[in-house]
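These are the residues of each chain, in order.
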Amino acid sequence: MIYYLVADEPEPSWGTGMLYEHVRLLCELGFEAVVLHHCLPYRPAWRELDVPVCYLDDPALLVSADDVVVVPEVLAGSAVVSRYPWRRVVFVQGGFLIVGGLGASRSFPALGYEAAMAVLPHIARIVERHFGLPASVVPPFVAPYFFEQQPQRRERRLLLAVKDGYRLAGIPDGTIAERLLETEISRRPDWSLVKLRDLDHRAVAELMQTSWFLINVNSHEAFNTTVPEAMAAGCVVVCYEAGGGRDFLCDGENAIVFPNQRVFDLVERVCELMDGFESETPWLARLQTGGRATARYYSSEVTADRLRHFFGSVMCLSPT
């Protein structure tokens, strides 16, 4: 059995959603896989569960030494992981969260992990160089409905993606961008601004498919999910390079990319794009084409193929 340990997390997250997607794909490939939550009868309100689920506090849970547990890096040092005799795999989606997840340990092998998966090549290099394990790249994917319904006409609309976690951590870029853009939009009545908050995933897709620009000032992300999602939807991205942009962003070819924390320069460029929109449209069309080509690489077929290889070759497991 392959268990995927998932936090009982009420906040929507495609990173958490990707854990469910791994289980779904593994089941489709013929492996025995299940989501493992902490407390019975937890169900995430933001996601319909179409995968097998079990619980750590269920007395019926039986784990053997042949079973494998896949643990996200943020839970790597959790005491519940060491409670059972299973084989341990860490799945790393963000480099900046590794140290906190390890707790007092300095490496994954020190906690009994024997293998690692990483979402992007640069994350795999971080795991291998600094945290003691070779890592197989298992990329995430963009939900297929972001590629649907490409319209002939888009609204002159900016979408702003700001994670509250950055504000709580004292990183002001999101607050600065929001306030500046609100002011600039008030001076341009033919443009509008929508903040991507409290929306389900399909609603986000629909907005991206009918808007011209996504503004994203996350600076510590790896995959930075709304960026490739917007690319898939044909929404032109203006963003930071963040932590993982080196693996898929190319300024002027598939997005408009700024160094981290250059928020004033980024907002100024957005203003130029709005004011010179008519003359910029042919170039923006080329960015849309490049963005869609990049997003198409991040497909569930590629993820499934990498999962098949990892569990078949690295973990020496066979489909049922």
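Above this text is the structure in question.
A short tour of the structure in this document, coming up.

Cut-offs and rules
- Residues numbered from 1 in each chain as written.
- Predicted model: local features only at pLDDT ≥ 70, side-chain atom pairs only at ≥ 80, totals over all residues.
- Heavy atoms only, no water.
- Helix = DSSP H or I, 4+ residues; strand = E, 2+ residues; numbered from the N terminus.
- Expected span 1.5 Å × (residues − 1).
- Buried < 20%, exposed > 50% of the residue type's maximum accessible area, 1.4 Å probe, protein only.
- Arc of directions from axis to C-beta.
- Pairing = 2+ DSSP bridges.
- Axes fitted to C-alpha atoms, helices over the stretch in contact; angles between N-to-C directions.
- Contact = heavy atoms within 4.5 Å.
- Disulfide = S-S within 2.5 Å.
- Phe/Tyr/Trp six-rings, centres within 6.5 Å; stacked < 30°, edge-to-face > 60°.
- Parallel < 35°, antiparallel > 145°, perpendicular 65-115°, else oblique.
- Left-handed = near helix turned anticlockwise from the far one by under 90°.

Observations regarding helix α5 (residues 173-186)
The end-to-end C-alpha separation of α5 is 20 Å, in line with the 20 Å expected for 14 residues at 1.5 Å each. For α5, the full list of buried residues reads D173, G174, A177, E178, L181, E184 and I185. Seen from one end, α5 has its buried residues packed into an arc of 140°, which puts them on one side. Within α5, the exposed residues directed more than 90 degrees away from the buried face are R179 and S186.

Some details on the sheet that holds strand β1 (residues 2-5)
Whenever strands of a sheet pair, they do so through backbone hydrogen bonds, lying parallel or antiparallel. The seven strands are arranged β3-β2-β1-β4-β5-β6-β7 in an open sheet whose pairing can be described as parallel. Strands with a single pairing partner mark the edges of an open sheet, and in this sheet they are β3 (53-55) and β7 (135-137). On average, adjacent strands in this sheet sit at an angle of 30° to one another, irrespective of strand direction. Direction of pairing for strand β5 (residues 87-92) relative to strand β6 (residues 113-118): parallel, over a ladder of five bridges. Following the sheet pairing, V92 is matched in β6 by A118. Seen against the sheet, helix α3 (residues 121-130) touches β5, β6 and β7 and runs at an angle of roughly 175° to β7.

Considerations on the state of the cysteines
Throughout the structure, instances matching the rule amount to zero disulfides. Unpaired in this structure, C54 has its nearest cysteine sulfur neighbour in C27, at a distance of 11 Å. Free cysteine C239: the closest other cysteine sulfur is in C235, separated by 11 Å.

Concerning the packing of aromatic side chains
What characterises a pair of aromatic rings is the spacing of the ring centres plus the angle enclosed by the ring planes. Enumeration over the complete set of coordinates arrives at 15 aromatic pairs. Between the aromatic rings of W191 and F277, the centroid separation amounts to 5.3 Å while the plane-to-plane angle is 85°, which identifies the pairing as edge-to-face. With W191 in the loop between α5 and β9 (192-195) and F277 in helix α9 (residues 277-297), this pair connects stretches of sequence that are 86 residues apart. Overall, the relative accessible area of 6% leaves F277 in the buried class. Measuring from centroid to centroid gives 5.7 Å for F223 and F248, while their planes differ by 55°, and the two rings are tilted. Taken as a pair, F223 in the loop between β10 (211-216) and α7 (226-233) and F248 in the loop between β11 (236-240) and β12 (256-258) lie far apart in primary sequence, 25 residues in all. For F223, a relative accessible area of 6% gives the class buried. According to the relative accessible area criterion, F248 is buried, its value standing at 8%.

A short note on the sheet that holds β12
Read across the open sheet, the five strands follow the order β9-β8-β10-β11-β12; overall the sheet is parallel. Because the sheet does not close on itself, it has two edges, and the strands there are β9 and β12. Neighbouring strand axes in the sheet, compared pairwise and without regard to direction, differ in orientation by 15° on average. Strand direction decides the pairing type here: β10 and β11, joined by four bridges, are parallel. Paired with F213 across the bridge in β11 is V236. The strands touched by helix α6 (residues 201-209) within the sheet are β8 (155-161), β9 and β10, with β10 carrying the most contacts at an inclination of about 120°. Helix α8 (residues 263-275) rests against β8, β10, β11 and β12 of the sheet, and its axis sits at about 160° to β11.

Quick notes on unusual backbone geometry
Residues L40 and P41 are joined by a peptide bond in cis, for which omega reads 5°. The topology assignment puts P41 in the loop between β2 (33-37) and β3. The phi dihedral of D198 is positive, around 55°, even though this residue is not glycine. Structurally, D198 can be placed in the loop between β9 and α6. Residue Q261 is not a glycine yet carries a positive backbone phi of 70°. The residue Q261 is located in the loop between β12 and α8 in this model.

Quick look at the packing of α7 against α9
Think of two packed helices as two axes; the pair is described by the angle between the axes and how far apart they sit. Contact geometry of α7 with α9 gives a least axis separation of 7 Å together with a crossing angle of 120°. It follows from the interaxial angle that α7 and α9 lie oblique. Handedness of the crossing formed by α7 with α9: left-handed. Along its contact with α7, which presents P228, M231 and A232, the element α9 presents G291, R292, T294 and A295.

Some words on the environment of L75
Mapped onto the secondary structure, L75 falls in the loop between β4 (68-72) and β5. Between the alpha carbons of L75 and L284 there is a distance of 41 Å; along the sequence they are 209 residues apart. Ignoring sequence-local partners within four residues, the contact set of L75 consists of L5, A7, H38, V81 and Y113.

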